[in-house]
Amino acid sequence: MHNDGSLHEKEGRSVLVFERQYPFTPETVFPFITDPQYFTQWYPFATGDMDLKVGGKIKFDDGEGSTYEAVITEFHPPYSFCFKEMEDLLEISIQEADQGCTMTFSHTFDDREMAKYTAAGWHRCLDALGQLIHGQPIEWDENGPELREYYKEKFE
């Protein structure tokens, strides 16, 4: 499958990694990843309340009464944006490539049993991010079940 994620292990934890290529410079892509007006469109439960600096907080609301915060651990425009959400670590890095740039998105977490769900979710979110970057309206495909099945087979 094109643009799919891979599952790795690091220090006893699971790490999902996605790589996406864009025909744009890191400077063009980075704001779509970090600017609150865009971040809220592709990142789950984001409220847009973000203090973009190391140690800054990102606030989330799941719409069902739970609010929580992430803490930014690395912020180096236009190349890296990392934060810790509860015990999970989210790392986004962008590197210049021949035809634009490569974005690497990784999510470190503990419960390997959840990997297929997490991978399917991020796959869909990153597809939405790609649509934003390309200036297209976001269309959420109803491909969740199919992606979960795909990743279940891939990771077993």
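Above this note sits the structure.
Residues numbered from 1 in each chain as written. Predicted model: local features only at pLDDT ≥ 70, side-chain atom pairs only at ≥ 80, totals over all residues. Heavy atoms only, no water.

Details of the pattern of salt bridges
Pairing between side chains of opposite charge can happen when their charged atoms approach one another.
Working step 1: A full pass over the atoms with the stated rule returns six salt bridges.
Working step 2: Between D127 and R20 there is a salt bridge, with the nearest N and O atoms lying 2.8 Å from each other. A residue pair is termed long-range when its members are at least 10 positions apart, and D127 in helix α3 (residues 115–133) and R20 in strand β2 (residues 13–22) qualify at 107 residues.
Working step 3: Judged by its relative accessible area of 4%, R20 falls in the buried class.
Working step 4: The salt bridge involving E69 is made with K59; its shortest N-O contact spans 3.9 Å. Placement of E69 in strand β5 (residues 67–76) and of K59 in strand β4 (residues 57–61) is noted, with a sequence separation of 10 residues between them.
Working step 5: The class of K59 is partly exposed, set by a relative accessible area of 32%.
Working step 6: If you follow the salt bridges from partner to partner, you end up with D49, K59 and E69 in one network. (Salt bridge = Lys/Arg side-chain N within 4 Å of Asp/Glu carboxyl O. Helix = DSSP H or I, 4+ residues; strand = E, 2+ residues; numbered from the N terminus. Buried < 20%, exposed > 50% of the residue type's maximum accessible area, 1.4 Å probe, protein only.)

Remarks on the sheet that holds β5
Whenever strands of a sheet pair, they do so through backbone hydrogen bonds, lying parallel or antiparallel.
Working step 1: Read across the sheet, eight strands follow the order β1-β2-β8-β7-β6-β5-β4-β3 without closing on themselves; strand pairing throughout is antiparallel. Every other strand in the sheet has two partners, leaving β1 (6–10) and β3 (46–50) as the edge strands with one partner each. The average angle at which neighbouring strand axes cross in this sheet is 25°, direction not considered.
Working step 2: Examined bridge by bridge, strand β7 (residues 88–97) and strand β8 (residues 100–109) share nine bridges and lie antiparallel to one another. Counterpart to A97 in the pairing with β8 is G100.
Working step 3: Seen against the sheet, helix α1 (residues 26–34) touches β2, β3, β5, β6 (80–85), β7 and β8 and runs at an angle of roughly 160° to β7. (Pairing = 2+ DSSP bridges. Axes fitted to C-alpha atoms, helices over the stretch in contact; angles between N-to-C directions. Contact = heavy atoms within 4.5 Å.)

Thoughts on helix α4 (residues 144–155)
One full turn of an α-helix is made of 3.6 residues, so residues set three or four places apart face in the same direction.
Working step 1: Look at α4: 16 Å from first C-alpha to last across 12 residues, which is about the 16 Å you get at 1.5 Å a residue.
Working step 2: Among the residues of α4, G144, L147, Y151 and F155 are the ones counted as buried. On an axial view of α4, the arc spanned by its buried residues comes to 65°, and they lie on one face. Turned more than 90 degrees away from the buried face of α4, the exposed residues are P145, E146 and E153. (Expected span 1.5 Å × (residues − 1). Arc of directions from axis to C-beta.)

By themselves, these figures tell us nothing about what the structure is for.
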